[in-house]
Amino acid sequence: MRRIKVGILGCGYISDDYLRNFTQAYTNNVEVTALCDIIPERAQKQAKRYGIPKAYERYEDMLASDDVELILNLTNPAAHMETSVSAIGAGKHVYIEKPFVMYRSDAKELIGLAQRKGVRIGCAPDTFLASGTYTTRTVLNSGLIGKPFAAFGGFCHRVQDWHKNPSVFFQPGAGPLYDGIPYYIATWVNIFGPVTSVSASLSAPFPSIKPVYGPEFEVEVPTLDIATLTFQSGVVASMLYSFNFIDSNMPRFEIFGSEGTMNAHLPNAYSASQLGETIRIKRAGDSEWRSIPEMTNYRTFGHGLGLAEMCSSIAQNRRHRCNEELGYHVLDVMNAFEDSSREGRVWKIESTFVQMDPLPADLLFGELD
Ligand SMILES: NC(=O)c1ccc[n+]([C@@H]2O[C@H](COP(=O)([O-])OP(=O)(O)OC[C@H]3O[C@@H](n4cnc5c(N)ncnc54)[C@H](O)[C@@H]3O)[C@@H](O)[C@H]2O)c1
């Protein structure tokens, strides 16, 4: 299998998870040839740590290299657009961490540019490629809980209680909507199909936060996001995602069918077992919940899975799964949360995407072909 030569832009927190998997698991498909960060020492440190041949100080130099075919964009969300335009302009494929970009107009511009240059765009989230979503889709397709008609997703996340620099989670490009909700939307559309409308209420109940570590800071984005999503399949799902709750017993993801209920996995994770949890169902007449075994080997921190699948797809000239059409649809729904909340009405979703088959169940962790 031809390996795709990847240059990574942005060597911050999440680069460790990617580099670990690229150097230990996805080695048949991905060859990391170069790193770059606006803070050069970060790229140098990661190059040394993971044995990457080249650490560039200037992004232009990495883009000029024939040893880089694809840029993995791990910069902060505010930099995703500009740095991806440069990558595509230089004739490189690009894979962007979530959120894809901030606005529909930017995504359209990027997609048009990539079409003109004949390169591909991929984007996270990629968790839906792993065991959690595979298992959920298989259970639903088997009819074990009958016809699904409703779902609920609830998540609370208080970075202010443990993170050393939590203020970035309360700035544009983050907040529940751009930090965690992309995982829910990408997972839900891969289970229930495209979204057709959104009704949302976004608010910031507390104007400032005093974290455990560091000084008090201002909240610049909504931190309490409540939404109802209607899917083309007829399923209606309700979501409650906040950075404010002290704790909660809300199910993270529950699906209601005509014959039963399913406790599914947290969409932000690759599987339920990654968090020590179990997918369960309870059918009409059951007195107990029954556990459903996870059905693929992608059960652990799989960062880079979407990019590795894209590299395998480029090498074999087939459509990649974390593609720009899905990325645009997810962003369209995210932007619709804001539109609906601002205008106080149900927001129709104009975009759609083609649901692709899951990865084959018998792949070993790290295998794509
Ligand atoms: N932290 C997580 O747990 C996590 C998980 C999944 C996805 N992500 C996503 O991954 C991306 C990076 O997140 P992170 O937590 O690693 O952030 P980070 O702030 O730790 O790292 C970002 C890095 O990008 C560099 N950078 C910023 N602008 C740049 C530019 N123009 N050119 C070159 N380098 C630039 C910064 O210097 C920094 O080293 C974000 O899109 C985030 O949403 C983060």
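Just so we're clear, the structure is a prediction, and the values are computed from it rather than from any experiment.

Some words on the overall build of the chain
Moving on, step 1. Regarding its fold elements, the chain presents 10 helices and 17 strands.
Moving on, step 2. Its C-alpha atoms give the chain a radius of gyration of 20 Å, near enough to 21 Å, the size a compact globule of 369 residues would have.
Moving on, step 3. Principal-axis analysis of the C-alpha atoms places the extent of the chain at approximately 60 × 50 × 40 Å.
Moving on, step 4. Across the 369 residues in the chain, those meeting the buried criterion constitute 50%.
Moving on, step 5. Sequence separation of at least 24 residues holds for 72% of the intrachain contacts in the chain that already meet a minimum separation of 6.

Notes on the domain arrangement of the chain
Moving on, step 1. You can read the domains of the chain as domain 1 (4–123) and domain 2 (130–292).
Moving on, step 2. Each of domain 1 and domain 2 has a C-alpha centre, and the two are 28 Å apart.
Moving on, step 3. With six residues of domain 1 in contact, the opposing surface of domain 2 contributes four residues.
Moving on, step 4. Across the side of domain 1 that touches domain 2, the residue classes break down as four nonpolar, one polar and one charged.

Some remarks on the sheet that holds strand β6 (residues 121–123)
Moving on, step 1. What the six strands build is an open sheet, ordered β3-β2-β1-β4-β5-β6; its pairing is parallel. Strands at the two margins of the open sheet, each flanked by one partner only, are β3 (54–56) and β6. Along the sheet, successive strands turn relative to each other by an average axial angle of 25°, direction set aside.
Moving on, step 2. Where strand β2 (residues 30–36) and β3 come together, three bridges link them in parallel fashion. Considered in β3, the bridge of Ala34 is made with Lys54.
Moving on, step 3. In the packing of helix α1 (residues 15–24) onto the sheet, contacts are made with β1 (4–9), β2 and β4 (70–73), and the angle to β2 comes to roughly 145°.

Details of the sheet that holds strand β15 (residues 279–283)
Moving on, step 1. With respect to topology, nine strands assemble into an open sheet ordered β16-β15-β14-β13-β7-β12-β11-β8-β17, the strand pairing being mixed. Every other strand in the sheet has two partners, leaving β16 (290–292) and β17 (347–348) as the edge strands with one partner each.
Moving on, step 2. Relative to strand β13 (residues 254–257), strand β7 (residues 148–156) runs antiparallel, the two sharing four bridges. Of the residues in β13, the one forming a bridge with Ala151 is Ile255.
Moving on, step 3. Sheet strands touched by helix α6 (residues 131–142): β7, β14 (260–263), β15 and β16. Its angle to β15, the strand with the most contacts, is close to 20°.
Moving on, step 4. Set on the sheet, helix α10 (residues 324–343) makes contact with β8 (195–203), β11 (224–231) and β17; between it and β8 the angle comes to about 55°.

Side note on the pairing of β2
Moving on, step 1. Of all seven residues making up β2, six are buried, and the element is well covered by its neighbours.
Moving on, step 2. As paired strands, β1 and β2 are joined by six bridges and run parallel to one another. Residue pairing for β2: Ile4 is matched across the bridge by Val30.
Moving on, step 3. Handedness of the crossover joining β1 and β2 through α1 is recorded here as right-handed.
Moving on, step 4. Handedness of the crossover joining β2 and β3 through helix α2 (residues 40–50) is recorded here as right-handed.

Section: helix α5 (residues 104–117)
Owing to its 3.6 residues per turn, the α-helix aligns residues three or four sequence positions apart on the same side.
Moving on, step 1. Relative to the 20 Å expected for 14 residues at 1.5 Å per residue, α5 spans 20 Å between its end C-alpha atoms, a close match to the ideal helical length.
Moving on, step 2. Along α5, the residues that are buried comprise Ala107, Leu110 and Ala114. Looking straight down α5, one finds that the buried residues subtend no more than 65° of arc, so they occupy a single side. Set apart from the buried face of α5 by more than 90 degrees, the exposed residues are Ser105, Gly112 and Arg116.
Moving on, step 3. Buried-residue contacts for α5 involve α4 (80–89), β6 and α10.
Moving on, step 4. Directly beyond the C-terminal end of α5, a positive phi value near 70° is found at Gly118.

Structural notes on α2
Moving on, step 1. What α2 keeps buried is the set Ala43, Gln46 and Ala47. Down the axis, α2 shows its buried residues gathered within 105° of arc, on one side only. Set apart from the buried face of α2 by more than 90 degrees, the exposed residues are Glu41 and Lys48.
Moving on, step 2. Contacts made by the buried residues of α2 are with α1, β2 and β3.
Moving on, step 3. Trailing α2 by a residue or two, Gly51 shows a phi angle of about 65°, which is positive.

The rules we used
Residues numbered from 1 in each chain as written. Predicted model: local features only at pLDDT ≥ 70, side-chain atom pairs only at ≥ 80, totals over all residues. Helix = DSSP H or I, 4+ residues; strand = E, 2+ residues; numbered from the N terminus. Rg over C-alpha atoms; globule rule 2.2 N^0.38 Å. Buried ≥ 20, exposed ≤ 12 C-beta atoms within 10 Å, placed from the backbone. Contact = placed C-beta atoms within 7 Å. Domains from an automatic or database assignment. Nonpolar A, V, L, I, M, F, W, Y, C, P; charged D, E, K, R; others polar. Pairing = 2+ DSSP bridges. Axes fitted to C-alpha atoms, helices over the stretch in contact; angles between N-to-C directions. Right-handed = clockwise from strand over helix to strand, strands pointing away. Expected span 1.5 Å × (residues − 1). Arc of directions from axis to C-beta.

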